[in-house]
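Structural features, examined
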Amino acid sequence: MIQSHHMETIVRQRYAAGAKERSEQLCCPVDYESEYLKVIPREVIERDYGCGDPSRHLREGEVVLDLGSGTGKICFIAAQIVGPKGKVMGVDMTDEMLEVARRNTPIVAERLGYANIEFRKGRIQDLALDLELLDRELKRSPITDAASFLGADELAEELRVKHPLIASDSVDVVISSCVLNLVEPKSKRHLFDEIFRVLKKGGRVVISDIVSDEEVPEEMQQDPELWSGCMSGAFTEEGFLAAFERAGFYGIQILKRDLDPWRTVQGIEFRSVTIEAFKGKQGECFERNQAVIYRGPFKEVLDDDNHRMERGKRYEVCDKTYQLYKRAP
């Protein structure tokens, strides 16, 4: 059985190699809007590994966080969409990917005429821990015995609290392309909790990832080639939607679902989907004599708070629900 830390090492090594030389096997090809590619250096474009383009759903002025940003292609596209009033942050754990992204950042900034991008080193399932800050601290106090090992664990927790890599409630949109499936199974729930944590109330996620049409069997999950190739760790389509719901998101929508599978392995279809989901239905309900009428087109609907409404009927709702109905989605 492959241990979680070993799985992560395999992923890091394969993507480190992918930063140095183009690999066709890491994920499926994506068509990007050509106008945004003109300012991006060829090196970055050739080292891109994804399965969708969540940047298409961004808006001007937003603060964006790209999970598993790699060599930075989607960040460089997003920077153009959000413009000089917006901000783009990329998080990746692979030094080789970060080196390419950071080396090309000033080139893109010069071509755009403004700088609104930065890249940070971290694990997407632990967005509070700044790995470069931890590295610096450990060089001052290296791990030499059990006591210092335990001390490093305490240090990491202190850094999460006092100097978080990404602060809570600080991001308008979290995006990613083909990286959530690379996280080991035991950390996936915390991954979604972390995404939820860093979003502002009213913020949203736009995530492109590979999903399967049925559960991936254990023997395939233990195949490092299939894991780092975005398949063994894939959610089922239903499980992917359920993970957003369990973390507290609402208004979950499938923005794009590829009709044809990217790959079929042992009869299991793997395809790309892009999901949008929102943060903001948390909080108490206060009655303020507000009511809504569902206008259609369906005869009946059930929202994420289990309010069932028939078309044309009037329903009293709390202020929280009333405000939710007034904004996207």
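That block above? That's the structure.
Reading guide: rules and limits
Residues numbered from 1 in each chain as written. Predicted model: local features only at pLDDT ≥ 70, side-chain atom pairs only at ≥ 80, totals over all residues. Heavy atoms only, no water. Patch = residues over 30% accessible without salt bridge, like charges linked within 9 Å, V, L, I, M, F, W, Y side chains within 5 Å. Areas by Shrake-Rupley, 256 points an atom, 1.4 Å probe, with all protein chains shown as cover. Salt bridge = Lys/Arg side-chain N within 4 Å of Asp/Glu carboxyl O. Lys, Arg positive; Asp, Glu negative; His and termini not counted. Charge placed at Lys NZ, Arg CZ, Asp CG, Glu CD. Helix = DSSP H or I, 4+ residues; strand = E, 2+ residues; numbered from the N terminus. Phe/Tyr/Trp six-rings, centres within 6.5 Å; stacked < 30°, edge-to-face > 60°. Buried < 20%, exposed > 50% of the residue type's maximum accessible area, 1.4 Å probe, protein only. Lys NZ or Arg CZ within 6 Å of the ring centre and 35° of its normal. Pairing = 2+ DSSP bridges. Right-handed = clockwise from strand over helix to strand, strands pointing away. Core = buried A, V, L, I, M, F, W, Y, C linked by side-chain atoms within 4.5 Å. Contact = heavy atoms within 4.5 Å. Axes fitted to C-alpha atoms, helices over the stretch in contact; angles between N-to-C directions. Parallel < 35°, antiparallel > 145°, perpendicular 65-115°, else oblique. Left-handed = near helix turned anticlockwise from the far one by under 90°. Nonpolar A, V, L, I, M, F, W, Y, C, P; charged D, E, K, R; others polar.

Taken together, the side chains of D213, E214, E215 and E238 define an acidic patch exposed on the protein surface. Turning to its location among the elements, E238 is positioned in helix α11 (residues 237-247).

Bringing the packing of aromatic side chains into the picture now. Counted according to the given criterion, the structure contains nine aromatic pairs. Relative to F240, the ring of F192 lies with its centre 6.5 Å away and its plane at 80 degrees, an arrangement referred to as edge-to-face. You can see F192 sitting in helix α8 (residues 188-198) and its partner F240 sitting in helix α11, a full 48 residues away along the chain. Considered together, F192 and F240 belong to a single accessibility category, that of buried residues. Between the aromatic rings of Y250 and F278, the centroid separation amounts to 6.0 Å while the plane-to-plane angle is 45 degrees, which identifies the pairing as tilted. Taken as a pair, Y250 in strand β7 (residues 250-257) and F278 in strand β9 (residues 268-278) lie far apart in primary sequence, 28 residues in all. A connected cluster of aromatic rings, assembled from ring pairs, spans F192, F196, F235, F240, F244 and F249. Positioned above the aromatic ring of F235 is the side chain of K188, whose terminal nitrogen or guanidinium carbon lies 5.5 Å from the ring centre. Taking the ring centre of F196 as reference, the NZ or CZ of K279 above it sits at 4.8 Å.

Across all of its chains, the model carries 29 salt bridges by this definition. Close ionic contact of E118 with K87 constitutes a salt bridge, the shortest N to O distance being 3.5 Å. Note that E118 is positioned in strand β3 (residues 117-121) and K87 in strand β2 (residues 87-92), a separation of 31 residues in sequence. E137 is paired through a salt bridge with R140; the nearest N and O atoms lie 2.5 Å apart. Of this pair, E137 and R140 both sit in helix α6 (residues 131-140), separated by three residues, roughly a single helical turn. Here E137 falls in the partly exposed class, since its relative accessible area comes to 24%. The exposure class assigned to R140 is exposed, which follows from its relative accessible area of 60%. The structure contains a network of salt bridges with shared partners spanning R59, E62, R204 and E276.

Another aspect to go through is the pairing of strand β5 (residues 199-212). With 11 of 14 residues buried, β5 lies mostly within the body of the structure. Note that strand β4 (residues 171-177) and β5 share six bridges and pair parallel. Among the inter-strand pairings, V173 is bridged to a residue of β5, identified as R204. Of the crossover connections in this fold, the one passing from β4 over α8 to the parallel β5 is right-handed. Relative to β9, β5 is paired through nine bridges, and the arrangement is antiparallel. By the bridge assignment, I210 is partnered in β9 with S272. As judged from the two bridges shared by β5 and strand β6 (residues 235-236), these two strands associate in the parallel manner.

Bringing the environment of T94 into the picture now. Relative to the helices and strands, T94 resides in the loop between β2 and α5 (95-112). Given a relative accessible area of 3%, T94 falls into the buried group. Taking the C-alpha atoms as reference, T94 lies 7.6 Å from G70; in sequence the two are 24 residues apart.

That bond from G296 to P297 is cis: its omega, 15 degrees, falls within 30 degrees of zero. One non-glycine residue, Q266, adopts positive backbone phi at about 50 degrees. Relative to the assigned elements, Q266 resides in the loop between β8 (263-265) and β9. Although it is not a glycine, N289 sits at a positive phi angle of roughly 55 degrees. The residue N289 is located in the loop between β9 and β10 (290-293) in this model. In this structure N289 comes out as exposed when scored by relative accessible area, which is 82%.

Another point: the nonpolar core. In this structure, L65, L180 and F240 are the most contacted members of the largest nonpolar core, which totals 32 residues. For this core, the element with the most residues is α8, which contributes five residues. In this structure L180 touches L67, I124, K188, L191, F192, I195, I207, D209 and F240, once residues within four positions along its chain are discounted. If you look at the next biggest cluster of nonpolar residues, it comprises 26 residues, including V39, I40, A101 and I175.

A separate point is the packing of α6 against helix α7 (residues 146-162). With their axes 11 Å apart at the nearest point, α6 and α7 run at an angle of 140 degrees to one another. Looking at the two axes, α6 sits oblique to α7. In terms of crossing hand, the pair formed by α6 and α7 is right-handed. Within the contact between the two elements, α6 uses L133, L134, E137 and L138 and α7 uses A152, L155, A156 and L159. Here the residues of the contact of α6 with α7 sort into seven nonpolar, no polar and one charged.

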